[in-house]
Protein chains: 2
Amino acid sequence: MTTRKTPNMTKIRQATLDVITVAGHPLSANEVLARILLPCNPATIYRSLHYLEGKGYAHSFVLHCAEHGTERYYMATTPENHHHHWFHCEQCHRFIDLGDCSLAPLIQEYQEKLGIQVTRDTLYLTGICATCQN
Amino acid sequence: MTTRKTPNMTKIRQATLDVITVAGHPLSANEVLARILLPCNPATIYRSLHYLEGKGYAHSFVLHCAEHGTERYYMATTPENHHHHWFHCEQCHRFIDLGDCSLAPLIQEYQEKLGIQVTRDTLYLTGICATCQN
DNA sequence: CCGAATTTGCAAATGACTTGCATTTAACAA
DNA sequence: TTGTTAAATGCAAGTCATTTGCAAATTCGG
């Protein structure tokens, strides 16, 4: 009995990664499903996104917006493995990149002060974007 | 026909507020339900928490933890209406207070730079607390 | 090409949360 | 106090994102 060494980057997984990479901003599973070109079952998209996150190809966070409810949003990991934070417009449902995470010093401080081990930070802002204010 | 001026702070709503106030840390609807002394329907807890948040008596955020899934957590608003941020231990499911939100300057900067109107910020850290590391 | 292990599709299940509706509660005027 | 009426609650069913069990399809390694 041979154990397969590395699970496969299948067509669907690659296509899923392509979709979130091209998008350039966080996408929900439903949005991925709507954009993927391959015929694909919703459950497979969920599994595919799990896979990508597990392998470090994607990051995700759970965001709630009044109009779309609570969903998990995925974005492709950058080459440097930095993660960004985002502003979400509740009106047009668009994301604005707030740039690289700048929480490292703050997190370091908390870790030292409280003896905690931080494995993940979630930060996002919501409100109305410049365009929707007019 | 007279329109009633102010909806009521009913017994259940008051008891709900009491529960999250006494807890001192974020509580999910289920946790409130488990702690409230009055006989009360789950749906009413949800409605009650909505009410409290709408009136400014409570704040909430959605957090995902591997063991408990995705849930909204509520905490009582402080007298100064400051909101805190929290660390959540994925092992013992306890919250540690990270203190007052220190994002104001950062948010102000984003608002000016991007012309956005930020109505809400969500920040929390997850990981393993000091106790659970041993 | 064969056999084992992984992946996918499909359908049902889960779980948080919401909603419609009938009933109960409570505010307000008389 | 009592009747009227809006608001609050209980109950049950519905919604929606996500997960899971299982059978069928795919694919890797030999």
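The structure we're discussing is the one just above.
Not measured: the values here are computed from a predicted model.

## Here's the deal with the environment of B:T131
Inspection of the secondary structure assignment puts B:T131 in the segment after β6 (117-128). Counting along the chain gives 42 residues from B:T131 to B:C89, while the straight-line C-alpha distance between them is 9.6 Å.

## Section: the sheet that holds strand β2 (residues 58-65) of chain B
Residue and element names in this part refer to chain B. If you walk across this open sheet you meet the three strands as β1-β3-β2, and the pairing is antiparallel. Edge strands, defined here as strands with exactly one partner in the open sheet, are β1 (27-28) and β2. For β1 and strand β3 (residues 69-76), the ladder comprises two bridges, and the chain directions are antiparallel. Looking at β3, one finds that S28 is bridged to Y73. Each of β1, β2 and β3 touches helix α1 (residues 11-23); the most contacted strand, β3, lies at about 90 degrees to it. Relative to β2, helix α3 (residues 42-54) is tilted by about 125 degrees, and along the sheet it contacts β2 and β3.

## A closer look at the packing of α1(B) against α3(B)
The relative placement of two packed helices is expressed as an angle between their axes plus a distance between the axes. Residue and element names in this part refer to chain B. At a minimum axis distance of 9 Å, the contact between α1 and α3 shows a crossing angle of 75 degrees. Taken together, the axes of α1 and α3 are roughly perpendicular relative to one another. Contact residues: α1 offers I12, R13, T16 and L17, while α3 offers T44, I45, S48, L49, Y51 and L52. Classifying every residue of the contact of α1 with α3 gives six nonpolar, three polar and one charged.

## Some words on helix α4 (residues 104-114) of chain B
Buried residues of α4(B): B:I107, B:Y110 and B:Q111, and no others. Viewed along the axis of α4(B), the buried residues span an arc of 100 degrees, placing them on a single side of the element. In α4(B), the exposed positions that point more than 90 degrees away from the buried face belong to B:P105, B:E112 and B:K113. Those residues of α4(B) that are buried lie in contact with β5 (95-100) and β6 (117-128) of chain A together with β6 of chain B.

## Things to note about the nonpolar core
Judged by nonpolar contacts, the single largest core of 22 residues is most densely connected at A:F87, A:L125, B:F87 and B:L125. Within the residue set of this core, elements represented by two or more residues are β4 (84-89), α4 (104-114) and β6 of chain A together with β4 (84-89), α4 and β6 of chain B. Contacts of B:F87, omitting those with residues within four sequence positions, involve A:I116, A:Q117, A:V118, B:R94, B:F95, B:I96, B:L98, B:L125, B:T126, B:G127, B:I128 and B:C129.

## What about the interface of chain B and chain A?
Between chain B and chain A, the residue contacts involve 31 residues of the former and 31 residues of the latter. Counting each side, the surface lost to burial between chain B and chain A is near 2500 Å², with a carbon and sulfur contribution of 60%. Our enumeration of links across chain B and chain A arrives at zero salt bridges. Applying the counting rule to chain B against chain A returns twelve residue pairs in polar contact (both at pLDDT 80 or more). If you list the elements that add at least two residues to the side of chain B that touches chain A, you get β2, β3, β5 (95-100), α4 and β6 of chain B. If you tally residues by element for the side of chain B that touches chain A, the top one is β6(B), at twelve residues. For the side of chain B that touches chain A, the per-class residue count stands at 17 nonpolar, ten polar and four charged.

## What about the protein's contact with DNA strand D?
Taken together, 24 residues lie near DNA strand D, and A:H50, A:R72, B:T10, B:R13 and B:T44 sit nearest. Within the contact set of DNA strand D, a base oxygen lies 3.4 Å away from a side-chain nitrogen or oxygen of A:R47. If one sorts the elements of the surface near DNA strand D by residue count, helix α3 (residues 42-54) of chain A sits on top with four residues. Here the residues of the surface near DNA strand D are counted per class, giving nine nonpolar, eight polar and seven charged.

## Comments concerning the packing of aromatic side chains
Residue and element names in this part refer to chain A. On inspection of all chains with the given rule, the structure shows ten aromatic pairs over all chains. A centroid spacing of 5.3 Å and a plane angle of 65 degrees characterise the contact between Y73 and F95, whose relative ring orientation is edge-to-face. Taken together, the residues span a long stretch of sequence, with Y73 in strand β3 (residues 69-76) and F95 in strand β5 at a distance of 22 residues. With a relative accessible area of 0%, Y73 lands in the buried category. One aromatic cluster is present, built from ring pairs that chain together F61, Y73, W86, F95 and Y124. The ring of Y51 has R13 sitting right over it, with the charged end atom 3.9 Å from the ring centre.

The rules behind these values
Residues numbered from 1 in each chain as written. Chains lettered and ligands numbered in written order. Predicted model: local features only at pLDDT ≥ 70, side-chain atom pairs only at ≥ 80, totals over all residues. Heavy atoms only, no water. Helix = DSSP H or I, 4+ residues; strand = E, 2+ residues; numbered from the N terminus. Pairing = 2+ DSSP bridges. Contact = heavy atoms within 4.5 Å. Axes fitted to C-alpha atoms, helices over the stretch in contact; angles between N-to-C directions. Parallel < 35°, antiparallel > 145°, perpendicular 65-115°, else oblique. Nonpolar A, V, L, I, M, F, W, Y, C, P; charged D, E, K, R; others polar. Buried < 20%, exposed > 50% of the residue type's maximum accessible area, 1.4 Å probe, protein only. Arc of directions from axis to C-beta. Core = buried A, V, L, I, M, F, W, Y, C linked by side-chain atoms within 4.5 Å. Buried area = accessible area lost by both parts, 1.4 Å probe. Salt bridge = Lys/Arg side-chain N within 4 Å of Asp/Glu carboxyl O. Polar contact = N/O pair within 3.5 Å; in protein donor to acceptor, adjacent residues only side chain to side chain. Near = heavy atom within 4 Å. Phe/Tyr/Trp six-rings, centres within 6.5 Å; stacked < 30°, edge-to-face > 60°. Lys NZ or Arg CZ within 6 Å of the ring centre and 35° of its normal.

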